[in-house]
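Notes for the structure review
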Amino acid sequence: MSFKPAYKRILLKISGECFCRNREGGISMSEVGAVSEQIRKVAESGVQLAIVCGGGNILRGKQFSAVSAAIQPATAHYMGMLATIINGLALHDALENIGVPTRLQTAIRMESVAEPFIRRRCIRHLEKNRVVILSGGTGSPFVTTDTAAALRSREIEADALLKATRVDGIYSEDPEKNPHAVRYSEISYQDVLTKRLGVMDLQAVHHCMEGKIPIVVFNYLREGNVERAVAGERIGTLVHGQAQSV
Ligand code: UDP
């Protein structure tokens, strides 16, 4: 049975960690297959779905350039963007393998591999109920795919940005370091920015605040959570314009 989506159009951000086994890196097609199954159920609900994929399972520019003076920071970030395209290719095939009509677009032109990102074309695919994977981040170095997700959410006029992670939401402190850290069920953009809370890049939060796009940060590893987030159920942490409540 399909569920009723709470939104017309959403942007789902899936981090690189969704493409590999816990703390392993690289790509595991069984992990990609598992997340694809959740995406299939969401796509079948009729919601328009764009996906921004991360690349941290392969390479993060900041970390990679820090280990050797030989690599220029911008080069390392381009490598990170290419990593997101590798993930995009894997996700594209995994989704089509289970019958989900999908298109892959890249922010760095690569016509023999995928379509370039063209806003109107992306929206047209969404209107035809094709899932659109947006890879290559923003196409510019020195930012992360969280920022790409926030910018693309604004461009395609998504009703919400859903960030799938391996943590249950946004906490007052890092829960791995402090077991007494509190998870916010709801928090304002301004509080996330002022308290400099982790889990999401602050530039991304700023863009969503300007664009009035609610963000839901949730744990995709809990079975059915992607559907719950799309159905508007209260899971994880909702970041929006309202005042904070814990
Ligand atoms: N990146 C970039 N510009 C972008 C998006 C990503 O330079 O617009 C690079 C950046 O180096 C980043 C890497 O690509 O570290 C992989 O993306 P990210 O770290 O956001 O992946 P995630 O943490 O979501 O797996």
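Notes on the structure in this doc start here. All of these numbers come straight from a predicted model, not from anything done at the bench.

Tallying secondary structure elements over the protein gives 8 helices and 9 strands in all. Its C-alpha atoms give the protein a radius of gyration of 17 Å, near enough to 18 Å, the size a compact globule of 246 residues would have. Seen through its C-alpha atoms, the protein measures out along the principal axes to roughly 50 × 50 × 35 Å. Burial analysis of the protein (246 residues in total) assigns 53% to the buried set.

This part takes up the sheet that holds strand S6 (residues 160-165). Each strand in a sheet pairs with its neighbour through backbone hydrogen bonds, running either in the same direction (parallel) or in the opposite one (antiparallel). Taken together, the 9 strands give an open sheet; going across it, the order is S4-S3-S5-S2-S1-S6-S8-S9-S7, and neighbouring strands pair in mixed fashion. Edge positions in the sheet fall to strand S4 (115-116) and strand S7 (186-188), since each has one partner strand and no second. One ladder, built from 6 bridges, connects strand S1 (residues 9-14) with strand S2 (residues 48-53); its direction is parallel. Pairing of Arg9 across the sheet is with Gln48, part of S2.

A separate point is helix H1 (residues 29-44). The terminal C-alpha atoms of H1 lie 22 Å apart, and with 16 residues this matches the ideal 22 Å at 1.5 Å per residue to within 8%. Listed in full, the buried residues belonging to H1 are Glu31, Val32, Val35, Ser36, Gln38, Ile39, Val42 and Ala43. All buried residues of H1 project into a common sector of 165 degrees when viewed along the axis, lining one side. Buried residues belonging to H1 abut S1, S2, helix H3 (73-97), strand S5 (131-135) and helix H8 (225-230). At the C-terminal side of H1, Gly46 shows a positive phi close to 95 degrees.

With that settled, the discussion passes to a nonpolar patch on the surface. A cluster of nonpolar side chains, Ile27, Met29, Ile58 and Ile86, forms an exposed patch at the surface whose accessible area comes to about 330 Å². Note that Ile86 resides in helix H3.

This part covers the pairing of S2. In terms of burial, S2 is a largely internal element, 6 of the 6 residues being buried. Residues of S2 alternate between two faces, with Gln48, Ala50 and Val52 on one and Leu49, Ile51 and Cys53 on the opposite face, all of them buried. For the handedness criterion, the β-α-β arrangement of S1, H1 and S2 is classed as right-handed. Pairing geometry for S2 and S5, over 3 bridges, is parallel. Bridge pairing in S5 places Val52 opposite Leu134.

Turning our eyes to something else, we now look at the nonpolar core. Residues Ile10, Leu12, Ile14, Ile51, Leu91, Leu162 and Phe218 are the most contacted members of the largest nonpolar core, which totals 35 residues. Sorting the residues of this core by element identifies S1, H1, S2, H3, S5, S6, strand S8 (215-219) and H8 as the ones contributing at least two each. Considering every element that reaches this core, the biggest residue donor is H1, with 5 residues. Not counting chain neighbours up to four residues away, the residues in contact with Ile10 comprise Val42, Val47, Gln48, Leu49, Ala50, Ala158, Ala160, Leu162 and Val230.

Analysis parameters
Residues numbered from 1 in each chain as written. Predicted model: local features only at pLDDT ≥ 70, side-chain atom pairs only at ≥ 80, totals over all residues. Heavy atoms only, no water. Helix = DSSP H or I, 4+ residues; strand = E, 2+ residues; numbered from the N terminus. Rg over C-alpha atoms; globule rule 2.2 N^0.38 Å. Buried < 20%, exposed > 50% of the residue type's maximum accessible area, 1.4 Å probe, protein only. Pairing = 2+ DSSP bridges. Expected span 1.5 Å × (residues − 1). Arc of directions from axis to C-beta. Contact = heavy atoms within 4.5 Å. Patch = residues over 30% accessible without salt bridge, like charges linked within 9 Å, V, L, I, M, F, W, Y side chains within 5 Å. Areas by Shrake-Rupley, 256 points an atom, 1.4 Å probe, with all protein chains shown as cover. Salt bridge = Lys/Arg side-chain N within 4 Å of Asp/Glu carboxyl O. Right-handed = clockwise from strand over helix to strand, strands pointing away. Core = buried A, V, L, I, M, F, W, Y, C linked by side-chain atoms within 4.5 Å.

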